[in-house]
Amino acid sequence: MTTTSSAEPGHQKLAWARAHMPVHTALRDRYREIRPFAGLCIAVCSHIEAKTGVFLETLAAAGAEVVFTGSEPGSSQDDVVAALNEQPGISGYARRGVNEEELARLHSRALDHQPNLILDDAAELTARLVHQRPELLDGLRGVCEQTTTGVQRIQAMLADGALRFPAYAVNHTPMKHEFDNIHGTGESALTNLMLTTNLLLAGKQVVVCGYGDCGVGIAHKARAWGAQVTVTEVEPRRALRAHMNGFAVRPMDEAAGIGEFFITATGNRDVIRGEHFRLMRDGAILANAGHFNVEIDAAGLADEAEARYTVRPGIEAFRMGDGREIHLICEGRLVNLAAPTAMGHPAEVMDQTFAMQFMAAEDLLRRRDQLNAGVHAVPDAVDAEVASLKLKTLGVGIDALTDSQRRFLEAWRADDILESP
Ligand code: NAI
């Protein structure tokens, strides 16, 4: 393999990620000979950085022809893209800082490879294929989707009668959302926010919008760093959970005047908007951790402001008519992926997220004939298998049920429950 200078830092990043993704090492060892993806083109749409790169390498080792593209304009890393394009069996189209039109062109080039399987993030490539390249539907065997937003979009596709293939809701597996969304987003959103601002979190008023998996991670970890955390919600049970977990829960028009930092993680739009900007404290900092850059109404903020200027890499200040400054991080794009220092989630978390995508893809292909067009849960056994692999790499042992424990759990008659072992 020849290496160009633009790819060299990318190779270094890949080597570091590889060394911290032992589940992928185990998958490569297990599937290198079996080659379950031989003869298939797999398109991966994701944030193209080092951990994703290791995932692509694992798919290629398992026999796939891999094509990749970015799922978001600001989250891919050019050196990693260059390094991946130097590897056999992998090619792709992604660049950091593209606009929406360029992103669409890059997606289209990936689709030119006529993928048999799409492993997607936010259903970006899937929606593009269904909407704009329907001639490719015949060759598409299925889709595995790794985000909350993407599963919602595929369900909307189904409701619209547009879904003609099986899709696995990989996001909904415990091994994905109970770790990636909570711990991955929680840690990486906060660390990137603090690195971008170079400010202190301890003692600050932090408003977390949305108390789903990502919001739970962000709120709990911000509190662990000493912040005073307020949660906003629209769903009564989630709001109650936040309340009973000890957070202040307030509507946004109350929280707006309190926060020094705001972090959105709702998967929704215009969560922070005009009427809220008017109430904010001077110096308030707004960041988004949800997939789309619409959670904070950046255009509305620009309309309200008298002037806007960059104050640090990744931070734009908006000066309001009364002299207050409001700061927006990375145009409201994913703070953990688009910030200047951003590297996305920690490697160990992505090791299991991408292992879920890998194992779900393998299962979907094996069971393809039994799966109708629709959104399917990944079988629990596949999820448990990834958990076992992960525990093994961690050197963590657990107990096994004894026969009498198993019988006890399966019994329903009082006599059977009380029988001696
Ligand atoms: P979720 O569905 O578990 O939680 C979202 C929460 O936001 C729900 O409780 C919902 O009631 C609440 N919500 C909706 N509209 C709201 C509003 N106007 N005000 C306040 N709360 C509102 O979703 P999850 O898994 O937490 O994901 C959230 C977003 O983050 C999605 O777009 C997802 O794709 C994205 N995501 C981002 C990651 C990253 O790396 N930054 C990683 C994983 C997911």
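The rules we used
- Residues numbered from 1 in each chain as written.
- Predicted model: local features only at pLDDT ≥ 70, side-chain atom pairs only at ≥ 80, totals over all residues.
- Heavy atoms only, no water.
- Phe/Tyr/Trp six-rings, centres within 6.5 Å; stacked < 30°, edge-to-face > 60°.
- Helix = DSSP H or I, 4+ residues; strand = E, 2+ residues; numbered from the N terminus.
- Buried < 20%, exposed > 50% of the residue type's maximum accessible area, 1.4 Å probe, protein only.
- Pairing = 2+ DSSP bridges.
- Axes fitted to C-alpha atoms, helices over the stretch in contact; angles between N-to-C directions.
- Contact = heavy atoms within 4.5 Å.

**Q** Help me understand the packing of aromatic side chains in this model?
**A** In total, this model carries four aromatic pairs according to the counting rule given. Taking the centre distance of 5.3 Å and the plane angle of 50° together, the rings of tyrosine 31 and phenylalanine 358 count as tilted. You can see tyrosine 31 sitting in helix α2 (residues 22-31) and its partner phenylalanine 358 sitting in helix α15 (residues 347-366), a full 327 residues away along the chain. Considered together, tyrosine 31 and phenylalanine 358 belong to a single accessibility category, that of buried residues. Ring geometry for tyrosine 211 and phenylalanine 247: centres 5.8 Å apart, planes at 65°, overall edge-to-face. Residue tyrosine 211 is found in the loop between β7 (205-209) and α9 (213-224), and its partner phenylalanine 247 is found in the loop between α10 (236-244) and β9 (248-249); the two are separated by 36 residues along the sequence. Per residue, the accessibility class of tyrosine 211 equals that of phenylalanine 247, and both read buried. Taken together, Tyr31, Phe37 and Phe358 form an aromatic cluster joined through their ring pairs.

**Q** Could you clarify how one ought to interpret the sheet that holds strand β15 (residues 374-376) in this entry?
**A** As a general point, the strands of a sheet are linked pairwise by backbone hydrogen bonds and lie either parallel or antiparallel. The strand order across the open sheet built from seven strands is β3-β2-β1-β4-β5-β6-β15, with neighbouring strands paired in parallel fashion. Taken across any chain shown, the strands that pair with only one partner, and hence form the sheet edges, are β3 (90-93) and β15. Sheet twist, expressed as the average angle between the axes of neighbouring strands with direction ignored, equals 20°. Here strand β2 (residues 65-70) pairs with β3 via four bridges, running parallel. Following the sheet pairing, valine 66 is matched in β3 by isoleucine 90. Set on the sheet, helix α5 (residues 100-111) makes contact with β1 (41-46), β2 and β3; between it and β2 the angle comes to about 170°.

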